[in-house]
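Residues per chain, in single letters:
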Amino acid sequence: MPDKKLMGFLNKAQDLETRRFKNYSESAKKVINPEGKEVLLFLAKAEKRHLAILKQQFKLLEKSDKIDLSIIVNAPAFEGSVRDRFGNTSGSVQGDINILKKAVTAEEYDVPFYHSLLSKTDNQNAKKLFKILMEEEKSHLDILRKKLHFMEEIQVSMSRRFRPRILLRDLFRAFGKS
């Protein structure tokens, strides 16, 4: 008899990953910055992979009342240099920043969500599965925060370039004059 409680956890996780996949896919269409778009598409692909893993484990649990981590293909969490490569941008920096802020807020929910599922189950393989997903969500959060920080730096740089008073204010602050 399948563990109904664990099946419920897997369903909740599938719902979460489905929402994240859709959100990142839609947000990627709106972002102007090419590297921001690349990050969001990467995250959409990762969430889609999480969803496939969860569906696979749900079916296995339904049939054999077990979670089998040996069938999970452990693809690297990051492909290429997506994690650290953020180039120049043009267009609506503020719009991109707002989209990335929403993505950060979403990912900040995901880590505790998987931690909660991990603590609510006694199934050791399910614990391992939720821990793997939790760690990947932490890495997603790190990627998003780095990109957001980069975009905010661009915004400040552009503000200084187009508003000399801001540049002067920042220089006075840096050298202790008001």
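This text gives an overview of the structure that appears in the document.

What counts, and where the lines are drawn
- Residues numbered from 1 in each chain as written.
- Predicted model: local features only at pLDDT ≥ 70, side-chain atom pairs only at ≥ 80, totals over all residues.
- Heavy atoms only, no water.
- Helix = DSSP H or I, 4+ residues; strand = E, 2+ residues; numbered from the N terminus.
- Buried < 20%, exposed > 50% of the residue type's maximum accessible area, 1.4 Å probe, protein only.
- Contact = heavy atoms within 4.5 Å.
- Areas by Shrake-Rupley, 256 points an atom, 1.4 Å probe, with all protein chains shown as cover.
- Phe/Tyr/Trp six-rings, centres within 6.5 Å; stacked < 30°, edge-to-face > 60°.
- Axes fitted to C-alpha atoms, helices over the stretch in contact; angles between N-to-C directions.
- Parallel < 35°, antiparallel > 145°, perpendicular 65-115°, else oblique.
- Left-handed = near helix turned anticlockwise from the far one by under 90°.
- Nonpolar A, V, L, I, M, F, W, Y, C, P; charged D, E, K, R; others polar.
- Salt bridge = Lys/Arg side-chain N within 4 Å of Asp/Glu carboxyl O.

## Quick notes on the overall build of the protein
Along the protein, the regular secondary structure elements total five helices and zero strands. Put simply, the protein runs from its N terminus to its C terminus through helices and strands in the order α-α-α-α-α. Classification of the 178 residues of the protein by burial places 40% in the buried group. A fraction of 79% describes how many contacts in the protein between residues 6 or more apart in sequence connect residues 24 or more apart. Summed over its atoms, the accessible surface of the protein is roughly 10,400 Å², and 56% of this surface lies on carbon and sulfur atoms.

## Topic: the environment of Leu-51
Relative to the elements of secondary structure, Leu-51 occurs in helix α2 (residues 34-64). With 30 residues separating them along the chain, Leu-51 and Phe-21 place their C-alpha atoms 8.6 Å apart. Not counting chain neighbours up to four residues away, the residues in contact with Leu-51 comprise Gln-14, Glu-17 and Thr-18.

## Focus on the environment of Val-111
Looking at the secondary structure, you find Val-111 in helix α3 (residues 93-120). Between the alpha carbons of Val-111 and Lys-131 there is a distance of 9.4 Å; along the sequence they are 20 residues apart. Non-local contacts of Val-111, meaning those with residues more than four positions away in its chain, are made with Met-134, Glu-137 and Lys-138.

## Regarding the packing of aromatic side chains
Aromatic ring pairs are described here by two measures, namely the spacing of the ring centres and the angle between the planes. Following the criterion strictly, the structure yields three aromatic pairs and no others. A ring pair is formed by Phe-113 and Tyr-114, whose centres lie 5.2 Å apart and whose planes are at 75°; its orientation type is edge-to-face. Tyr-114 matches Phe-113 in its accessibility class, with the two residues each being buried. Linked through ring pairs, Tyr-109, Phe-113, Tyr-114 and Phe-130 together constitute an aromatic cluster.

## Structural notes on the packing of helix α1 (residues 4-30) against α2
When two helices pack together, their arrangement is given by the angle between the helix axes and the distance between those axes. Direction vectors running N to C along α1 and α2 enclose 160°, while the axes themselves pass 8 Å from each other. Overall, the two elements α1 and α2 adopt an arrangement that is roughly antiparallel. Judged by the twist between their axes, the crossing of α1 over α2 is left-handed. Here the contact of α1 with α2 is composed, by residue class, of 15 nonpolar, seven polar and eight charged.

## Re unusual backbone geometry
One non-glycine residue, Asp-65, lies in the positive phi region at around 60°. Mapped onto the elements, Asp-65 comes out in the loop between α2 and α3.

## Side note on the pattern of salt bridges
If charged atoms from side chains of opposite charge come close, those side chains can pair. Applying the stated criterion to the full structure yields six salt bridges. The salt bridge involving Glu-136 is made with Arg-49; its shortest N-O contact spans 3.0 Å. Placement of the pair is Glu-136 in helix α4 (residues 124-162) and Arg-49 in helix α2, with a sequence separation of 87 residues. A relative accessible area of 10% means that Glu-136 is categorised as buried.

Don't take any of this as a statement about function, it's just geometry.
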